[in-house]
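Breakdown of the fold
Chain by chain, the residues:
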Amino acid sequence: MQFDELSNGSWGPSPSPDGSRIAYVSDIGGSPQAYVTGPSLPPGVGGPSPWAGTLLPTGKDPVTAVHYSPDGEWIACEIAPGGAPRTELWLIRPDGTGLRQAGGFGATTILSAGWVEVRGSVQFAVTEIGELWRGLLVNPRSMARQRLTRGELVAVLDVSRDGAFAAVREGPRGRRRVRVVDLDSGVAGPLFEGTYDSSTEQAVFSPDGAWVYARTDYDSEFSRLIAVPVTGDHPVPGAEPVVVAERADAELEHVAVSRETGLLALLWNASGRSELTLFDPVTRIERWVTPPAGDVLSDPEFSRDGRTLVVCAEGPGARRSLYRVNVATAHTSPVVPRPSWSLVGAPELHHLVSGDGLALTGWFYRPAGDPPYRTMISLHPGPESQERPGHNPIYQQLAARDIAVFAPNVRGSSGYGRTFVNLDNLAGRHGAIADVAACAAYLDDAGLCSSLGVMGRSYGGYLTLAALVTHPDLFAVGVEVCGMADLLTFYEHTEPWIAAGAVSKYGDPVRDRGLLMDLSPLRRIENLATPLLIVHGASDTNVPVREAHQLVAALVRLGKPHRYVILDGEGHDFVGIDSRRRYLDEAVAWITDHLT
């Protein structure tokens, strides 16, 4: 493989006010860093990029996101020191000068809401997470920090232009709702009368202040866009929401609002594939954006003048790349040359039924030749995530060795409605483990596999272990990456804010202790009958590396065949190309040797 074949490409585009320049993240240099298109930086600052942009000198640590300010004066960068899950907020001028830290000090981490314009002043809205969650407005010039909110699991989403109100999200995973906070009195009221059975992930004030838009599955099976009216200068807590946009065949994945024109960009998820539309909430006219090459889109964002929309696109054989949308025509054009390479064709969407009658889907990546194939079941992170036909180098490399991949969306996956995403909560996780066995049975009954293995990362790593110890006769090989081996020790040692948010999904470590013990693969590791590769980042504090340590210790004690790979300098996500190359080489070699 060439060095850049392991690059994820470019992603997270954020345009300048007039759309002439775009800030973005790319790992083409070996690790994710911030770049900006347009005129070169002053001599001696930054460096050139083969992606038609210039490297911003933010240091050696990985950059996870960038945000161009609406006045064009600053680029906010989210930086993960050491590659760990903890992130910091740094500000830098587009010419590469003036680098300064603005959030995530000490042991805290951040959740960014983005740039807001409050009383004519451009500021950055962010939530700083430590012992408590603190919502802040940061002034990039004075570095003054105005506290907006404080509380557990409370994150700022947006601030009204008059500075009177903040929209905040509160609650654990899968049970989130939005409140509107009066910043003068501190009084907060619900945006609408929802229950914690629903989840609202995004809320933003309309440019004229007349509405608060929310992306939510409140009172609906699928996420959609609703709006709550504002009377005078005050949002109306508990007002009846108005449905702005919804579809029976797709979930709303993201909404971007043009602060100049009020136009909405709606990103829909239709069975894993993306569709992008431009929607005028006044005329209710919706226009389809000419789709970029690639099945999966992300990160749509308007320029301040509303004339340009930028978006990221990727596909099975093409890394993430940037596109510019002409809002007037809804046509797209690439920002940089599209990097493409493929060893396998587009995946096929398969439908199957689990043991309890639940309908499931999965993407089948078919190598050359006729079935049956040696096949790996690949389980995505999450669980509230989704296997989609995006770019995955390990699928490509396995296909080159005549190994197929079946990547299912078991219960608990997002993209299929509120009921489906909550089916694996608490004791429902036994059903998710059974879904993996159902996938194995489907592949065997369809004559697609001659031998079978299972692999996964993060929650997918946990589910891999759970499947291997629950159904030890089904698999010839396993690859577990950054997964939880014991749910109780995971709760004890993960970041406190991660533990607090996970209770609704996995269970309470005190109240549901017996259930968590029963669901922990380490407590039944003697059942393992499969050679197992374990890979973990040494700096991981999301799923702490001690989860892997105790798993390996048990395998050594029991004499189980395994290999343990620790990636130094990596956290929960492997960001360095050298680390990803080692992981890919180790995994492909392990699978090829044992999947017989």
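Each residue is numbered by its place in its chain's sequence as written, counting from 1. Per-residue local features of the predicted model are confined to residues with pLDDT of at least 70, and side-chain atom pairs are confined, for both listing and counting, to 80 or more; whole-chain, interface and lining totals are unaffected and use all residues. Remark: hydrogens and water are excluded; side-chain values derive from all non-hydrogen atoms of the structure.

This paragraph deals with the overall build of the protein chain. Secondary structure is summarised from DSSP: a helix means a run of H or I of at least four residues, a strand means a run of E of at least two, and numbering begins at the N terminus for each. Scanning the protein chain from N- to C-terminus turns up 9 helices and 38 strands. Structurally, the protein chain occupies a C-alpha span of about 65 × 55 × 45 Å along its principal axes. When contacts within the protein chain are restricted to residue pairs at least 6 apart in sequence, those whose partners lie at least 24 apart make up 55%. Where accessible areas are quoted, they stem from the Shrake-Rupley method and a 1.4 Å probe; at the residue level, only the protein chains shown are allowed to cover. As presented, the protein chain carries roughly 21800 Å² of accessible surface, and 51% of it is formed by carbon and sulfur atoms. Contacts are assigned to residue pairs with any non-hydrogen atoms lying within 4.5 Å of each other.

To summarise the sheet geometry, strands pair through backbone hydrogen bonds and adopt either a parallel or an antiparallel arrangement. Two strands are said to pair when DSSP picks up at least two bridges between them. The sheet built from 4 strands is open, its strands ordered β23-β24-β25-β26 with antiparallel pairing. Among the strands making up the open sheet, the edge pair consists of β23 (251-257) and β26 (286-288). Each strand axis lies, on average, 30 degrees off the axis of its neighbour in the sheet, ignoring direction. Both strand β24 (residues 264-270) and strand β25 (residues 273-279) contribute to a ladder of 7 bridges, which runs antiparallel. Bridge pairing links Ala265 to Leu278 in β25. Geometry is summarised by axes, namely lines fitted to C-alpha atoms with helices restricted to the contacting stretch, and by angles between N-to-C directions that run from 0 to 180 degrees.

Residues belong to a common nonpolar core when they are buried Ala, Val, Leu, Ile, Met, Phe, Trp, Tyr or Cys residues joined through side-chain atoms within 4.5 Å. Burial classes: relative accessible area under 20% of the type maximum marks a residue as buried, over 50% as exposed, and values in between as partly exposed (1.4 Å probe, protein chains only). Residues Ile377, Tyr462, Leu463, Phe475 and Leu551 are the most contacted members of the largest nonpolar core, which totals 54 residues. Grouped together as the second largest cluster of nonpolar side chains are 28 residues, Val405, Val565, Phe574 and Leu595 included.

On to helix α6 (residues 496-506), then. Of the residues making up α6, those classed as buried are Ile498, Ala499, Gly501, Ala502, Ser504, Lys505 and Tyr506. Those residues of α6 that are buried lie in contact with α2 (418-421), α3 (429-445), α4 (459-470), α5 (487-493) and α7 (513-518). Downstream of α6 by one or two residues, Gly507 has phi in the positive range, about 125 degrees.

Moving on, we get to the environment of Glu480. In this fold, Glu480 is placed in strand β36 (residues 477-481). Exposure remark for Glu480: the relative accessible area of 1% places this residue in the buried category. Along the primary structure Glu480 and Arg563 are separated by 83 residues, whereas in three dimensions their C-alpha atoms are 10 Å apart. For Glu480, the contacting residues outside a window of four places in its chain are Gly456, Gly461, Leu465, Leu532, Leu533, Ile534, Val535 and Leu551.

If you want to describe how two helices pack, look at the angle between their axes and the distance between the axes. It is at 9 Å that the axes of α3 and α4 come closest, and there the two elements cross at 75 degrees. Regarding the angle of α3 to α4, the classification is roughly perpendicular. Of the residues in α4, those touching α3 at Arg429, Ala432, Ile433 and Val436 are Tyr459, Tyr462, Leu463, Ala466, Ala467 and Thr470. Residues of the contact of α3 with α4, tallied by class, amount to 8 nonpolar, 1 polar and 1 charged. Small angles under 35 degrees read as roughly parallel and large ones over 145 as roughly antiparallel, with 65 to 115 read as roughly perpendicular and the rest as oblique. Residues are sorted three ways: Asp, Glu, Lys and Arg are charged, Ala, Val, Leu, Ile, Met, Phe, Trp, Tyr, Cys and Pro are nonpolar, and all the rest, Gly among them, are polar.

Glancing now at the sheet that holds strand β7 (residues 75-79). The 4 strands lie next to each other as β6-β7-β8-β9, forming an open sheet whose pairing is antiparallel. At either end of the open sheet lies a strand with only one pairing partner, and these are β6 (63-68) and β9 (100-103). Between one strand axis and the next, the sheet turns by 30 degrees as a mean value, whatever way the strands run.

With that settled, consider the packing of helix α1 (residues 393-400) against helix α9 (residues 577-594). In the contact formed by α1 and α9, the axes pass within 10 Å of each other and the chain directions differ by 40 degrees. As α1 packs across α9, the resulting crossing turns out to be right-handed. Residues Pro393, Ile394, Gln397 and Leu398 of α1 form the contact with α9, whose participating residues are Tyr583, Leu584, Ala587, Val588 and Ile591. The residue inventory of the contact of α1 with α9, partitioned by class, reads 8 nonpolar, 1 polar and no charged. Take the far helix as your reference; a near helix turned counterclockwise from it by less than a right angle gives a left-handed crossing, and one turned clockwise gives a right-handed crossing.

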